[in-house]
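Report on the structure
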Amino acid sequence: FCIPLEQLNNNDVEYVGGKSASLGEMISELASADVPVPGGFSTTAHAYRLFLAQSGLAEEIDTLLQNPEVYTDVRKLQETGKYIRDKILATPFSPELERAMLESWESVTG
C-alpha cells in the first residue's frame, strides 16, 4: 500500500501518481549530489482505488459524475466536488491500509 519515496522515480507514475514519482526522482537526483533530503512515503494508486472500492465511494462517485450538469454548471461542479471531498475525508481507512501507513510513517520518523 505504501512505497518509500527514495525508491520511486518518474517511471512509477502509474503506481503512485505524478507528484510522488517526481518527488522520488528529485530525492534520487539530490541524494546523488550529496544534498540531504528528508524521507517520506507515498500511498499507491492501488491503495487509493481499493479504499474507494471497499468503502463504496467509487460507485457513489461514479454515479455523481454521471450527472451531465456537473460538466456544464460550475456551481454544480463545485458542490459535487465538495461533497466528494467531504465523503473521502469522513471515510475511515481499512485496518490494513491504516497499519501500512502507520508503519511507513514510523519508518520515516524513526
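Each remark here, short or long, concerns the structure printed above.
Here is a short report on the structure shown in this document. Note that this is a predicted model, so its numbers are computed, not measured. Residue positions are given per chain, counting from 1 as you read along its sequence in written order. Where totals are concerned, whole chains, interfaces and linings use all residues; where local detail is concerned, this predicted model gives features only for residues with pLDDT of at least 70, and gives and counts side-chain atom pairs only at 80 or more. Values reported for side chains reflect all heavy atoms of the structure, with hydrogen atoms and water molecules removed beforehand.

1. Focus on the overall build of the chain
A count of helices and strands for the chain gives six helices and two strands. Secondary structure is summarised from DSSP: a helix means a run of H or I of at least four residues, a strand means a run of E of at least two, and numbering begins at the N terminus for each. Ordered by position from the N terminus, the helices and strands of the chain form the series β-α-α-β-α-α-α-α. Radius of gyration here uses only the C-alpha atoms, and the compact-globule reference equals 2.2 Å multiplied by the residue count raised to the power 0.38. Scaling as 2.2 N^0.38, a compact globule of 110 residues should have a C-alpha radius of gyration of about 13 Å, whereas the chain reaches 17 Å, well beyond that. Taken along its principal axes, the extent of the C-alpha atoms in the chain is 50 × 30 × 20 Å. Note on exposure labels: buried denotes an accessible area under 20% of the residue type's maximum, exposed denotes more than 50%, and partly exposed covers the range between, all computed with a 1.4 Å probe on protein chains only. The 110 residues of the chain split such that 25% are buried. Of the contacts made within the chain by residues no fewer than 6 positions apart, 56% connect residues no fewer than 24 positions apart. For the accessible areas, the method is Shrake-Rupley and the probe is 1.4 Å, while residue cover comes only from the protein chains on display. Of the roughly 7700 Å² of accessible surface on the chain, a fraction of 56% belongs to carbon and sulfur atoms. The distance from the centre of the 8 positive side-chain charges to the centre of the 17 negative ones in the chain is 11 Å. Whether two residues are in contact is decided by their heavy atoms, any of which lying within 4.5 Å being enough. For this count, His and the chain ends are skipped, Lys and Arg are scored as positive, and Asp and Glu as negative. Where a charge sits is defined by one atom per residue type, namely NZ (Lys), CZ (Arg), CG (Asp) or CD (Glu).

2. Quick word on the environment of Phe 1
The residue Phe 1 is located in the segment before β1 (2-4) in this model. Classification of Phe 1 by relative accessible area gives partly exposed; the value is 33%. Counting along the chain gives 42 residues from Phe 1 to Thr 43, while the straight-line C-alpha distance between them is 5.7 Å. The residues contacting Phe 1, other than those within four sequence positions of it, are Ser 42, Thr 43, Thr 44, His 46, Ala 47, Leu 50, Glu 96, Leu 97 and Ala 100.

3. Observations concerning the nonpolar core
Membership of the largest hydrophobic core is limited to ten residues, which are Cys 2, Ala 47, Phe 51, Leu 52, Leu 57, Ile 61, Ile 84, Leu 97, Ala 100 and Met 101. Of all elements in the fold, only α3 (45-55), α4 (57-64) and α6 (95-109) reach the threshold of two or more residues within this core. In this structure, Met 101 is in contact with Cys 2, Phe 41, Thr 43 and Phe 93, ignoring residues within four places of it in sequence. We define the nonpolar core as a collection of buried residues of types Ala, Val, Leu, Ile, Met, Phe, Trp, Tyr and Cys that are connected through side-chain atoms lying within 4.5 Å of one another. Leu 5, Val 16, Ala 21 and Ile 27 belong to the second largest nonpolar core, which has five residues in total.

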